[in-house]
Amino acid sequence: MKTNNITQLYAICINNESNPASLQLRKLYPVVPDKDAETHKQIRVIDEDGEDYLYPADCFIVIKLTHQITAALKATFAVAR
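Computed from a predicted model, the values in this text were never measured in an experiment. (Residues numbered from 1 in each chain as written. Predicted model: local features only at pLDDT ≥ 70, side-chain atom pairs only at ≥ 80, totals over all residues. Heavy atoms only, no water.)

## Considering the packing of aromatic side chains
Tallying each qualifying case throughout the model produces two aromatic pairs. With centroids separated by 6.1 Å and ring planes inclined at 90°, the aromatic side chains of Y29 and F60 adopt a geometry described as edge-to-face. With Y29 in strand β2 (residues 28-30) and F60 in strand β5 (residues 60-66), the pair connects residues that are 31 residues apart, well separated along the chain. Residue classification places Y29 among the buried positions, given a relative accessible area of 1%. A connected cluster of aromatic rings, assembled from ring pairs, spans Y29, Y55 and F60. (Phe/Tyr/Trp six-rings, centres within 6.5 Å; stacked < 30°, edge-to-face > 60°. Helix = DSSP H or I, 4+ residues; strand = E, 2+ residues; numbered from the N terminus. Buried < 20%, exposed > 50% of the residue type's maximum accessible area, 1.4 Å probe, protein only.)

## Quick notes on the environment of T66
Here T66 is to be found in strand β5. Look at T66 and you get partly exposed, because its relative accessible area is 27%.

## Here's the deal with unusual backbone geometry
Although it is not a glycine, R26 sits at a positive phi angle of roughly 65°. Judged by its relative accessible area of 69%, R26 falls in the exposed class.

## Some points on the pairing of strand β4 (residues 52-56)
When strand β3 (residues 42-46) meets β4, the two strands line up antiparallel, connected through five bridges. In the sheet register, V45 faces β4, and the bridge partner there is Y53. Here β3 folds back onto β4 in antiparallel fashion, the turn holding five residues, of which G50 has a positive phi close to 80°. (Pairing = 2+ DSSP bridges.)

## What to know about the environment of I69
With respect to the helices, strands and loops of the structure, I69 is situated in helix α2 (residues 67-80). Each C-alpha atom of the pair I69 and Q8 lies 9.2 Å from the other, and the pair is 61 residues apart in sequence.

## Structural notes on the pattern of salt bridges
In this structure the tally under the stated criterion is two salt bridges. Among the ionic pairs, R44 bridges to D34, the shortest N-O distance being 2.8 Å. Residue R44 is located in strand β3, and its partner D34 is located in the loop between β2 and α1 (35-39); the two are separated by 10 residues in the primary sequence. Given a relative accessible area of 18%, D34 falls into the buried group. Two residues, D52 and R44, come together in a salt bridge whose shortest N-O distance is 3.0 Å. Judged by relative accessible area, D52 falls into the partly exposed class, the value being 34%. By sharing partners, the salt bridges in this structure join D34, R44 and D52 into a single network. (Salt bridge = Lys/Arg side-chain N within 4 Å of Asp/Glu carboxyl O.)

Printed below as a string of structure tokens:
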């Protein structure tokens, strides 16, 4: 079986006190790479509105997912909508 090492960054929300309307605790959010945001201790994620916004990085735990897992999640999200 061929393994696929391509990864996609996602972030799990662990603190939404500053943005309860925009972020849900324990939800997985796609990360949009942003080096400038990182220098300011922020992270850019696609939130509940489907738009990318900056949030404090300490509100999230960033994880890397393989292409296979990412594809399965996208398929699951599409069915749920």
